[in-house]
Amino acid sequence: MDNTVLVPDPVYPVYVDDNVMAGRKIVYMPATAENDFLPMPREDMQADIVYLCSPNNPTGATYTVDQLKVWVDWANAHDAVILFDAAYECFVAEPGLARSIFEVEGARDCAIEVCSFSKIAGFTGTRCGYTVVPQGLTRDGMNLNKMWLRRQTTKFNGVAYVVQRAAAAVFTEEGMTEIQHNLDYYRRNAAVIAAALDEAGVWYCGGKNSPYIWLKCPGGMGSWEFFDWLLENAGVVGTPGEGFGACGKGYFRLTAFGDADRTKEAAARILAALKTLQ
């Protein structure tokens, strides 16, 4: 209850909500264009738990293996635990970017990784995922692997059998072939959106190793102001960045999760609308 939790800002809201309900102290790490929306540790930081999401939701920014090594070294030196959200790891394509924190030496001494079938195989709504808790991970004399096992067996009976069977089918040769087709489909959608923003001269990050594109609102507009403007002038809906934290003010999230033809139409509308601002 008295743990201090370090979370990036902007951030997936559930990280904050869960810890607020648990009564924990929350400290925010600013994620900004200046640090490529990838905050790094400082020696004066003090926290018991650190949340990292890479590729990030909402910004799409992705840590390199070398950057995560800095985080792992910091966590081990400060006796902290990293909760690493790798839900979007299947979108990572560029060399040098991490798909798992366990690619980093020393991570088994400080990190817990969570992942989800909802992104790699479209399981959104069926709630099927997994958590990797190294057996040797301990804090304050407690084995966190055994504590997690107790939590699971006490509070959770597991997902329905039909969902388990579907999850098992993901890792067949046929399943992985179909999944790769879907991932490439969303990557092409992201490229269509990115091309429109490039032509309009709008700054953004994400899109290459993430289904999300995080753009800077043009004309100095705020997040909600741009939401209204885009809806009125292009008939397109996105997510105001301010909803993810104070550092999201003035930014906006677009998603590649959608139909290809509708994505092309939406990108064309966005480009046409943005050109009226030039």
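Note: the structure precedes this text.
Residues numbered from 1 in each chain as written. Predicted model: local features only at pLDDT ≥ 70, side-chain atom pairs only at ≥ 80, totals over all residues. Heavy atoms only, no water.

### A few points about the pattern of salt bridges
Evaluation of the coordinates by the stated rule reveals seven salt bridges. Glu89 serves as the salt-bridge partner of Arg99, at 2.8 Å between the closest nitrogen and oxygen. Taken together, the positions of Arg99 in the loop between strand S4 (81–85) and strand S5 (111–116) and Glu89 in the loop between S4 and S5 put the pair 10 residues apart, joining distant regions of the chain. For Arg99, a relative accessible area of 37% translates into the label partly exposed. (Salt bridge = Lys/Arg side-chain N within 4 Å of Asp/Glu carboxyl O. Helix = DSSP H or I, 4+ residues; strand = E, 2+ residues; numbered from the N terminus. Buried < 20%, exposed > 50% of the residue type's maximum accessible area, 1.4 Å probe, protein only.)

### Observations regarding the environment of Gly241
Secondary-structure assignment places Gly241 in the loop between strand S11 (239–240) and strand S12 (251–255). Residues Gly241 and Phe227 lie 14 residues apart in sequence; the distance between their C-alpha atoms is 9.7 Å. Gly241 has contacts with Trp214, Ser223, Gly248, Tyr251 and Phe252, leaving out every residue within four places of it along the chain. (Contact = heavy atoms within 4.5 Å.)

### Here's the deal with the packing of helix H6 (residues 173–200) against helix H8 (residues 260–275)
At their nearest, the axes of H6 and H8 sit 9 Å apart, and the two run at 10° to each other. Classified by the angle their axes make, H6 and H8 are roughly parallel. In this structure, H6 uses Tyr185, Asn189, Val192, Ile193, Ala196, Leu197, Glu199 and Ala200 to contact H8, whose residues at the interface are Ala260, Thr263, Lys264, Ala267, Ile270, Leu271, Leu274 and Lys275. In the contact of H6 with H8, the residues fall into 11 nonpolar, two polar and three charged. (Axes fitted to C-alpha atoms, helices over the stretch in contact; angles between N-to-C directions. Parallel < 35°, antiparallel > 145°, perpendicular 65-115°, else oblique. Nonpolar A, V, L, I, M, F, W, Y, C, P; charged D, E, K, R; others polar.)

### Quick notes on the sheet that holds strand S9 (residues 204–206)
If you walk across this open sheet you meet the four strands as S9-S10-S12-S11, and the pairing is antiparallel. If you trace the sheet from one side to the other, it starts and ends with S9 and S11, each paired once. Direction of pairing for S11 relative to S12: antiparallel, over a ladder of two bridges. Residue pairing across strands places Pro240 opposite Phe252, the latter belonging to S12. Across the sheet, H6 is in contact with S9, strand S10 (212–216) and S12; its angle to S10 comes to roughly 15°. Where helix H7 (residues 223–234) meets the sheet, it contacts S10, S11 and S12, and its direction lies at approximately 50° from that of S12. (Pairing = 2+ DSSP bridges.)

### Points about H6
Spanning 28 residues, H6 covers 41 Å between terminal C-alpha atoms, matching the ideal 40 Å at 1.5 Å per step. Where H6 is concerned, the buried positions are Gly175, Ile179, Leu183, Arg187, Asn189, Ala190, Ile193, Ala194, Ala196, Leu197 and Ala200. Looking at the buried side of H6, the elements it contacts are helix H3 (117–120), helix H5 (161–170), S9, S10, S12 and H8. Taken from the residues just after H6, Gly201 is the one with a positive phi, measuring 75°. (Expected span 1.5 Å × (residues − 1).)

### A word on unusual backbone geometry
The general pattern is negative phi for most residues beyond glycine and trans for most peptide bonds. Each neighbour pair has its own omega, and for Asp9 with Pro10 the value is 10°, a cis peptide bond. Considering the arrangement of structural elements, one finds Pro10 in the loop between strand S1 (4–9) and helix H1 (13–21). Geometrically, the link from Ser54 to Pro55 is a cis peptide bond, its omega value of -5° lying close to zero. Relative to the assigned elements, Pro55 resides in the loop between strand S3 (49–53) and helix H2 (65–77). One non-glycine residue, Phe37, lies in positive phi territory at about 60°. Here Phe37 lies in the loop between strand S2 (25–30) and S3. Positive phi outside glycine occurs at Arg127, with the angle close to 55°. Secondary-structure assignment places Arg127 in the loop between H3 and strand S6 (129–132).

### Some words on the layout of surface pockets
Space inside the largest pocket adds up to approximately 2300 Å³. Taken together, 49 residues line the largest pocket, and the ones lying closest to its centre are Tyr51, Leu83, Val114, Thr131 and Trp148. Listing elements by their share of the lining of the largest pocket, those giving two or more residues are H1, S3, S4, S5, H3, S6 and helix H4 (144–155). Top contributing element to the lining of the largest pocket by residue count: H4, with eight residues. (1 Å grid on protein atoms, 1.4 Å probe; cavity = no way out; pocket = protein on both sides within 12 Å on 5 of 7 lines; lining within 4 Å. Points joined across faces, edges and corners; volume = space filled by probe spheres on them.)

### Section: the sheet that holds S3
Strand pairing in a sheet relies on backbone hydrogen bonds. The paired strands run either parallel or antiparallel. The strand order S2-S1-S3-S4-S5-S6 describes an open sheet built from six strands, whose pairing is mixed. Where the open sheet ends on each side, the last strands, each with one partner, are S2 and S6. Mean inter-strand twist for the sheet, computed between neighbouring axes without regard to direction, equals 20°. Pairing of S3 with S4, which is carried by five bridges, proceeds in the parallel orientation. By the bridge assignment, Val50 is partnered in S4 with Ile82.

Nothing here speaks to function; it is all geometry.
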